[in-house]
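# Topology and contacts: notes
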Amino acid sequence: MSVDVGALTLRGPILAASGTFGYGTEVPLLERRALGGMVSKGIFLRPRSGTPPPRIVETPSGMLNAIGLQGPGVEALIRDYAPKWAEWDFPVFVNINGESAAEYAELTARLDGVPGVAGFEINISCPNVEQGGLYFGNDPRAAAAVTDAVRKRTRLPVWVKLTPMVSDIGVIARAVEAAGADALCAINTFVGMSIDLNVYQPRLSFRTGGLSGPAIRPLAVHLAHQAARAVRIPVIGIGGIATAEDALEFLVAGCTAVQVGTATFVNPRAIAEVHDGIAAFLGARGLSSPADLPRYLPRD
Ligand SMILES: Cc1cc2nc3c(=O)[nH]c(=O)nc-3n(C[C@H](O)[C@H](O)[C@H](O)COP(=O)(O)O)c2cc1C
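Here is what the cut-offs are and how they apply
- Residues numbered from 1 in each chain as written.
- Predicted model: local features only at pLDDT ≥ 70, side-chain atom pairs only at ≥ 80, totals over all residues.
- Heavy atoms only, no water.
- Pairing = 2+ DSSP bridges.
- Helix = DSSP H or I, 4+ residues; strand = E, 2+ residues; numbered from the N terminus.
- Axes fitted to C-alpha atoms, helices over the stretch in contact; angles between N-to-C directions.
- Core = buried A, V, L, I, M, F, W, Y, C linked by side-chain atoms within 4.5 Å.
- Buried < 20%, exposed > 50% of the residue type's maximum accessible area, 1.4 Å probe, protein only.
- Contact = heavy atoms within 4.5 Å.
- Phe/Tyr/Trp six-rings, centres within 6.5 Å; stacked < 30°, edge-to-face > 60°.
- Lys NZ or Arg CZ within 6 Å of the ring centre and 35° of its normal.
- Near = heavy atom within 4 Å.
- Polar contact = N/O pair within 3.5 Å; in protein donor to acceptor, adjacent residues only side chain to side chain.
- Areas by Shrake-Rupley, 256 points an atom, 1.4 Å probe, with all protein chains shown as cover.
- Nonpolar A, V, L, I, M, F, W, Y, C, P; charged D, E, K, R; others polar.
- Parallel < 35°, antiparallel > 145°, perpendicular 65-115°, else oblique.
- Left-handed = near helix turned anticlockwise from the far one by under 90°.

This part is about the sheet that holds strand E14 (residues 209-212). Strand order in the open sheet made by the four strands is E5-E6-E14-E11, with antiparallel pairing throughout. The open sheet terminates on both sides in strands that have one partner only, identified here as strand E5 (56-59) and strand E11 (190-192). For this sheet the average axis-to-axis angle between neighbouring strands, irrespective of direction, equals 35 degrees. Where strand E6 (residues 62-65) and E14 come together, three bridges link them in antiparallel fashion. Looking at E14, one finds that Met63 is bridged to Ser212.

The following block contains the structure:
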């Protein structure tokens, strides 16, 4: 079940998606054998309290969230979580966030070399913050500048998480590839809104939120596929994966690995079930590894 994401070999093709697995401290309670790796909740340099509640709304086949990147800040992450990660048998990537390229660079420099930190997932795609977030993910020059700033501060793997809120994801994908990204993660949530008819107001205090879950899967498969067609570096598919078949769609569409997010809230065994289902699918078809799956990836 192992896969190569650039120079890094993961023991399996499934990672836990950022923000849906906390800092992984509950992992000992779950079936960790199925985890190829995990991505931490997004972190900023300094502690943040996030947005006021309500922060989560259930929607058809999905949910809207506006957590606003609540977090303890980088020093607490290094003190409280990284030592635990260093003892685990799968790599932990840190989802990094900033309001400027310089902040992303400072965060990377602070985390580089800390035992337990296996690499970085640059979040240039959070819809739930006033500063940064989507701004970097929408503009190829800003996306490349952030990637370049991080790349210069570390030799660990650098992944860039793309937003679906663009007219051509291939343009952003190519820009961050040229700036030195080792892999792309596609995609983060879509911006959505839900109205409470009792009060004629949005249900989320932030007004809008990020839509995730099975509702976004066909959109996500398409965008991950478009990103994979645009670049030579690996693409990690994300968006609405709840079953092995869902994950296999992303792999056949050109992804090297996948992340599972919202499904874990519904079913804590989701990652294990996706893992075992992929293994069964490969076995039934005489394929010896996920890399042997036929890919549908026509190049323009
Ligand atoms: C409650 C919640 C918090 C999230 N927090 C983050 C985050 O901190 N950083 C990030 O890059 N993505 C974050 N995401 C986005 C997920 O990692 C993922 O890209 C998205 O939810 C789509 O995948 P899914 O449909 O499997 O959940 C969050 C998603 C949810 C539902």
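Membership of the largest hydrophobic core comes to 76 residues, with the highest contact counts inside it found for Trp85, Ile96, Leu111, Leu162 and Leu184. Looking at this core, the element that brings in the most residues is helix H6 (residues 217-230), giving seven residues. Excluding its chain neighbours within four sequence positions, the residues that come into contact with Trp85 are Tyr23, Ser40, Leu77, Val92, Val94, Gly116 and Val117. Counting 14 residues, the second-largest nonpolar core is a separate cluster that includes Val3, Leu15, Ala118 and Trp159.

To continue, consider the packing of aromatic side chains. Tallying each qualifying case throughout the model produces four aromatic pairs. With a centroid separation of 4.4 Å and an interplanar angle of 10 degrees, the aromatic rings of Tyr23 and Tyr81 are classed as stacked. Of the two residues, Tyr23 sits in the loop between strand E3 (14-16) and strand E4 (37-39) while Tyr81 sits in helix H1 (residues 74-85), which places them 58 residues apart along the sequence. A relative accessible area of 11% means that Tyr23 is categorised as buried. For the pair Phe93 and Trp159, a centre-to-centre distance of 3.7 Å together with 15 degrees between the ring planes defines the contact as stacked. Linking Phe93 in strand E7 (residues 92-96) with Trp159 in strand E9 (residues 158-162), this pair joins segments that are 66 residues apart in sequence. A relative accessible area of 1% places Trp159 in the buried class. Above the plane of the ring of Phe44 lies Arg48, whose end atom (NZ or CZ) is 4.2 Å from the centre. Lying over the aromatic face of Phe281, Arg285 brings its terminal NZ or CZ to 3.8 Å of the ring centre.

With that settled, consider the site of the ligand. Residues in contact with the ligand amount to 23 residues; listed here are only the nearest, Ser18, Lys161, Gly213, Gly240 and Thr262. A distance of 2.6 Å is found between an oxygen atom of the ligand and a side-chain nitrogen or oxygen belonging to Thr262. Alone, the ligand offers 610 Å² of accessible surface; in the complex the protein occludes 97% of this. A class-by-class count of the residues in the shell around the ligand yields six nonpolar, 15 polar and two charged.

With their axes 8 Å apart at the nearest point, helix H4 (residues 140-151) and helix H5 (residues 169-178) run at an angle of 30 degrees to one another. Here H4 lies roughly parallel to H5, going by the angle between them. Crossing geometry of H4 relative to H5 is assigned as right-handed. Seen from H4, the contacting residues are Pro140, Ala143, Ala144 and Thr147; seen from H5, they are Val171, Ile172, Ala175 and Val176. Here the contact of H4 with H5 is composed, by residue class, of seven nonpolar, one polar and no charged.

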